[in-house]
Amino acid sequence: MLNEKVQNALNEQINMELGAFYTYLSMAAHFEADGLKGFSAWTRHHAEEEMVHAMKLYDFVHHRRGRVLLTAIAPPKTDWQSPLAAFEDALHHEEKVTAAINALVDLARTERDHATESFLQWFVDEQVEEEEIVVDAIQKLKRVQDFAPGLYMLDRELAEQAGAEGEETEGEAE
Ligand code: FEO
């Protein structure tokens, strides 16, 4: 059974993951409107991953006989000056998620909640990957800058990445 402090913190994390879902989906809509289909596919795929993160937490709270309490999600930003600005925002967001996950692990340790601490290890590892892929995109965007052919190539690369990761996710689900 979850204690109240841990349950509240897990509920806050669910809200944060749903907030990330909203942010990436808003980026996808922005890129779609801008005609950058690859950027749109990549951020949309990433939004779906954030929903998976939220649902992992949702299920865990129930497995521990806790209560999920959903709260309001802040409206996401809707426009960015450039793909680079959007990905820099994404990195900032991921760093906040990483800090929140680390604080959750600290709380689980303080509360001697070993099951929650063990469960959260997946998120600790996932955040390393999350930050890495966003940093990778930022580095490429900085190299490309406003050079249209470079941006077009990156758009295609991100479309391929989103397609490959989508197939992997489907494979795992089977
Ligand atoms: Fe679920 Fe990208 O953090």
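Residue numbers run consecutively from 1 along every chain, following the written order of its sequence. Reporting of local features is limited, given that this is a predicted model, to residues whose pLDDT is at least 70; pairs of side-chain atoms are given and counted only at 80 or more, and all residues count toward the totals for whole chains, interfaces and linings. The side-chain figures draw on all heavy atoms in the structure; neither hydrogens nor water molecules are used.

This paragraph deals with helix 2 (residues 37-63). Runs of H or I in DSSP of at least four residues are treated as helices and runs of E of at least two as strands, each being numbered from the N terminus. An expected span of 1.5 Å times one less than the residue number is assigned to each helix. With 27 residues, helix 2 should reach 39 Å at 1.5 Å per residue; the first-to-last C-alpha distance of 39 Å fits that figure. Just beyond helix 2, the residue with positive phi is R65, at close to 60 degrees.

Another aspect to go through is the pattern of salt bridges. Salt bridge, as used here, is a side-chain nitrogen of Lys or Arg placed within 4 Å of a carboxyl oxygen of Asp or Glu. Across all of its chains, the model carries eight salt bridges by this definition. Residue E111 is joined to K5 by a salt bridge in which the shortest nitrogen-to-oxygen separation is 3.3 Å. You can see E111 sitting in the loop between helix 3 (83-110) and helix 4 (114-144) and its partner K5 sitting in helix 1 (residues 4-34), a full 106 residues away along the chain. For K140, the salt bridge goes to D136, with nearest N and O atoms at 3.2 Å. Remark: D136 and K140 occur in helix 4; sequence separation between them is four residues, near one turn of the helix.

Only Phe, Tyr and Trp rings take part, Trp by its six-membered ring, and two of them pair if their centres are within 6.5 Å. Stacked means planes under 30 degrees apart, edge-to-face means over 60, and tilted covers everything else. Summed over the entire model, instances satisfying the criterion amount to seven aromatic pairs. With centroids separated by 6.0 Å and ring planes inclined at 75 degrees, the aromatic side chains of F39 and F87 adopt a geometry described as edge-to-face. Of this pair, F39 sits in helix 2 while F87 sits in helix 3, and the two are 48 residues apart along the sequence. Partly exposed describes any residue whose relative accessible area lies between the buried limit of under 20% and the exposed limit of over 50%, with all areas from a 1.4 Å probe on protein chains only and scaled to the type maximum. Looking at F39, the relative accessible area reads 0%, which means it is buried. For F87, a relative accessible area of 1% gives the class buried. When the ring of W42 is compared with that of F87, the centres are 5.3 Å apart and the planes differ by 45 degrees; the resulting orientation is tilted. On the criterion of sequence distance, the pair formed by W42 in helix 2 and F87 in helix 3 is long-range, its members being 45 residues apart. The same class applies to W42 and to F87, which are both buried.

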